[in-house]
Amino acid sequence: MIQKISRSLFAILLLTSTLVSQACTIFMANDGQHVWIGNNEDEIYTTQYRMWYYPAGKENFGYMIWTELSIGKLFYGLMYKNPQGGLNQYGLFMDYTAIDDEPVTNDPAKENRKKELVHDLLKSCKTVSEAIQYISKYNLVKLKGAQLYIADANGDYATVHGGYIIRKTENNFALTNYCINKGHKEACYRRDVAVNYLSAAKTFELTDIKTILQKSAQKQPQTLVTNFSMAVDLKSSTIHLYYKNDFETEKVINLKTELEKGAHHKDLAEYFPKDVSPLIEKEFERNGINAALATYKQLRTNASGQFNFNSNAVVNLAVKWIDTGKVKEAIALLETLKEFDPDKTEIYTWLGVAYRKDNNTIESNRNFARALELNPNDYLATLWGKQE
């Protein structure tokens, strides 16, 4: 009976996580001295990304964009897809949030614009007001299923859709994945997390932005996860970049420094140590669980600088094994991870799940209890720990 209930709950968790097709969280934290943007990019775990840098020219400002990697159109002779967002040398920032389609305005006196906006705005605008002036010339006929959030180093911001433009109403603001026209709001824990923190704080430092990003990040086994996060200091055009829910490993990107290198691009994953989980999975498939565990221990001991052991990638591999019936193997892997990271909440949470599915209620409860000691708000430990 325990195993049947556990299977059902695990299946429900996976199913409900697929109901939203895309998600992300953007917020501004403005205390009058610092102007920060926090941005979580949430998509399927395997999505790959690239950063592109374009120096200033006679007719354009210097800027950068971030895109998904895909086979698509060519832009400046390089693989290219429409930008998800970008930042220019004057601290003008923008990024999209997906929403359900909303009607767009079609003013016969304006030109219909089908081309994406981000490149042209970053090239030619310093402020939100300048960006809105540029946009006002067009009917944004393609901007139906997304909102473009634009912010500047002065603390101004706007949310742009083909049917509306919402200007700044307060210093701090959070945007997720629903239409905000006419004051509309929907239940969204990611937005609530950001708004509650922003409302309680009086000043904002990098640690505050990281905290909000962490609390609003999405994790596996959800279909959509936070693949990368950025805390952006708009006054200095500096990005503090984090990858795959790992907020211990940070890459600082100063836009001025990057632009001095000339036009170039770099895959986002290359800014960070490699993901070790594919090696562990391959060794498991070839030689079994004992060999996989030995490989992990050897790499953890001798190659800590080459691979990223701070992320949840190997925990997520264990979650995958739980979902595909390799419960005992998942337990062995998680117990090994616990030897190296005895205070990592996710390890205990998923050990609790795995032991419960293995009909070992005593070990399951012990691990859930430890998870809740480390994080009293741990959702899975609270949910599964109530099962008898």
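(A) Representation of the packing of helix H9 (residues 313-323) against helix H10 (residues 327-340) within the structure. Across the interface, H9 lies against H10 with an axial gap of 8 Å and an inter-helix angle of 160°. Judged by the inter-axis angle, H9 sits roughly antiparallel to H10. As for how H9 packs across H10, the hand of that crossing is left-handed. Of H10, the residues touching H9 (which contributes Val314, Val315, Leu317, Ala318, Trp321 and Ile322) are Val327, Glu329, Ala330, Leu333, Leu334 and Leu337. Partitioning the contact of H9 with H10 into residue classes produces eleven nonpolar, no polar and one charged.

(B) Broad picture of the pairing of strand S2 (residues 35-44). The buried fraction of S2 amounts to nine of the ten residues, a majority that puts the element mostly inside the structure. One ladder, built from eight bridges, connects strand S1 (residues 23-30) with S2; its direction is antiparallel. Its bridge partner lying in S2, Thr25 is registered against Asn40. Taking the residues between adjacent antiparallel strands as the criterion, S1 and S2 are bridged by four residues, where Gly32 takes a positive phi near 95°.

(C) Highlighting the side chain of Thr47. Note that Thr47 resides in the loop between S2 and strand S3 (49-54). A residue is classified by how much of its surface remains accessible, and Thr47, at 13% relative accessible area, is buried. A distance of 2.9 Å separates a polar atom in the side chain of Thr47 from the backbone oxygen of Ile44.

(D) Highlighting the environment of Ala153. Counting through the fold element by element, Ala153 comes out in the loop between strand S11 (146-151) and strand S12 (157-161). Separated by 80 residues in the primary sequence, Ala153 and Asp233 have C-alpha atoms spaced 8.2 Å apart. Beyond its immediate sequence surroundings of up to four residues, Ala153 is in contact with Val35, Tyr90, Gly91, Leu234 and Lys235.

(E) The arrangement of the pairing of strand S17 (residues 246-254) in detail. As paired elements, strand S16 (residues 238-243) and S17 share five bridges and run antiparallel to each other. Along S17, the bridge assignment pairs His240 with Val252. Between S16 and S17, which pair antiparallel in sequence order, lie two residues; one of them, Lys244, sits at a positive phi of approximately 55°.

(F) A look at the confidence of the model for the protein chain. On average, residues of the protein chain score 90 in pLDDT, and 90% of them are at 70 or above. Between residues 1-6, whose pLDDT stays under 50, and residues either more than four places distant or in other chains, the model counts eleven contacts. pLDDT under 50 marks residues 11-21. Its contacts with residues more than four places away, or in other chains, come to 13 contacts.

(G) Structural context of helix H5 (residues 206-216). For H5, the set of buried residues is Asp208, Ile209, Ile212, Leu213 and Ser216. All buried residues of H5 project into a common sector of 135° when viewed along the axis, lining one side. Looking at H5, the residues exposed on the side facing more than 90 degrees away from the buried face are Thr207 and Lys215.

(H) Structural context of the sheet that holds S16. Taken together, six strands build an open sheet; the order of strands is S14-S1-S2-S15-S16-S17 and the sheet is antiparallel. Looking at strand neighbours, the two that pair on one side only are strand S14 (173-175) and S17, the edges of this open sheet. Going from strand to strand, the sheet's axes swing by 15° on average, the running direction of each strand aside. When S2 meets strand S15 (residues 224-233), the two strands line up antiparallel, connected through nine bridges. By the bridge assignment, Asn39 is partnered in S15 with Met230.

The rules behind the values
- Residues numbered from 1 in each chain as written.
- Predicted model: local features only at pLDDT ≥ 70, side-chain atom pairs only at ≥ 80, totals over all residues.
- Heavy atoms only, no water.
- Axes fitted to C-alpha atoms, helices over the stretch in contact; angles between N-to-C directions.
- Helix = DSSP H or I, 4+ residues; strand = E, 2+ residues; numbered from the N terminus.
- Parallel < 35°, antiparallel > 145°, perpendicular 65-115°, else oblique.
- Left-handed = near helix turned anticlockwise from the far one by under 90°.
- Contact = heavy atoms within 4.5 Å.
- Nonpolar A, V, L, I, M, F, W, Y, C, P; charged D, E, K, R; others polar.
- Buried < 20%, exposed > 50% of the residue type's maximum accessible area, 1.4 Å probe, protein only.
- Pairing = 2+ DSSP bridges.
- Polar contact = N/O pair within 3.5 Å; in protein donor to acceptor, adjacent residues only side chain to side chain.
- pLDDT = per-residue confidence, 0-100.
- Arc of directions from axis to C-beta.

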